[in-house]
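So you can see what is in the structure, the chains are spelled out below.
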Amino acid sequence: MYKFFAYLNRMKYIKRWSLMRSVREENIMEHSQQVAVIAHALALIKNKMFGGSVNVEKAVLYAQYHEVGEVITGDLPTPIKYFNPEINAAYKDLEKLACKRITAMLPEQLEKEYEQYILPDASSEEYAIVKQADKLAAYLKCVEEIKAGNSEFKKAKQSILAQLKSAARPETEYYLKEFAPAFELSLDELD
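Residues numbered from 1 in each chain as written. Predicted model: local features only at pLDDT ≥ 70, side-chain atom pairs only at ≥ 80, totals over all residues. Heavy atoms only, no water.

A. Expanded view of the pattern of salt bridges. Inspection of every chain in the model, using the stated rule, returns 8 salt bridges. Across the pair Glu115 and Lys112 runs a salt bridge whose closest N-O atoms are separated by 3.4 Å. Pair noted here: Glu115 and Lys112 are both in helix α7 (residues 108-118), with a separation of 3 residues, about one helical turn. The exposure class of Glu115 is buried, given its relative accessible area of 18%. Here Glu184 and Lys157 are joined by a salt bridge, their closest N and O atoms 3.6 Å apart. Of this pair, Glu184 sits in the loop between α10 (170-178) and α11 (187-190) while Lys157 sits in helix α9 (residues 154-166), placing them 27 residues apart in sequence. Each member of the salt-bridge network shares a partner with another, and the members are Lys46, Glu125, Arg169 and Glu171. (Salt bridge = Lys/Arg side-chain N within 4 Å of Asp/Glu carboxyl O. Helix = DSSP H or I, 4+ residues; strand = E, 2+ residues; numbered from the N terminus. Buried < 20%, exposed > 50% of the residue type's maximum accessible area, 1.4 Å probe, protein only.)

Here's what the structure looks like:
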C-alpha cells in the first residue's frame, strides 16, 4: 500500500561519485549514515565546546534523510549541479518535487512527521550543520580514495578542504583538527 520504505531501501543501490573512478563504491545509504554520524558529532561539538544550542536529534534526522530525493533523481555530479545558478535552482526544485512525491506515499498521519526532516528548514542551524557534515563526508571520501592510491581525488580534496576552512565554523575546524587526521591512518596505526 505505502511504498515509502521501499523507496528508501533503494538508497543502497544508487551510487555516488558517478564521474570519478572510485576504489570503493559508495551508495547513498552509506553516505547518509556517515553524514548523520558526522552531523551528530558537529552538533555536540558546537553545543558542548562552543556554546551552541543546536537540536542534535533534528540535525541527525536532517542528515539521515538529506539525500532522499536522489532515490528518484539520482546523483547529479557536482560540476554539473553547480555549473550555473539556473541549473542549480532547477535541480533543487526537482529534488524538492521528488521528496514531496516520496513523502506523499506515507499514511496521512505520518506524512508531516517525515516531511519536516526530508524537506528541512534550510535557514536553521541544524541544516547548516548537515551541510558541513555533507562536505566533511566528501572530504573524508577523498582522503580514503587517496589513501588507497587513487590520485583522481587529490584536486577534489584540496577544493573541499578550502571550502570547509572558508566557512569558518568552529565545530568544523575542531573536527578537521581532532578527528579527520585519524582517517588517514591504517587499522594498525589506529591501535
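B. Highlighting the packing of helix α2 (residues 28-50) against helix α8 (residues 125-147). The N-to-C vectors of α2 and α8 enclose an angle of 125 degrees; their axes lie 8 Å apart at closest approach. In terms of their interaxial angle, α2 and α8 are classed as oblique. Two packed elements cross with a definite hand, and for α2 against α8 that hand is right-handed. Contact residues: α2 offers His31, Gln34, Val35, Ile38, Ala39, Leu42, Ala43 and Lys46, while α8 offers Glu125, Ile129, Val130, Gln132, Ala133, Asp134, Leu136, Ala137 and Leu140. Of the residues in the contact of α2 with α8, the class split is 11 nonpolar, 3 polar and 3 charged. (Axes fitted to C-alpha atoms, helices over the stretch in contact; angles between N-to-C directions. Parallel < 35°, antiparallel > 145°, perpendicular 65-115°, else oblique. Left-handed = near helix turned anticlockwise from the far one by under 90°. Contact = heavy atoms within 4.5 Å. Nonpolar A, V, L, I, M, F, W, Y, C, P; charged D, E, K, R; others polar.)

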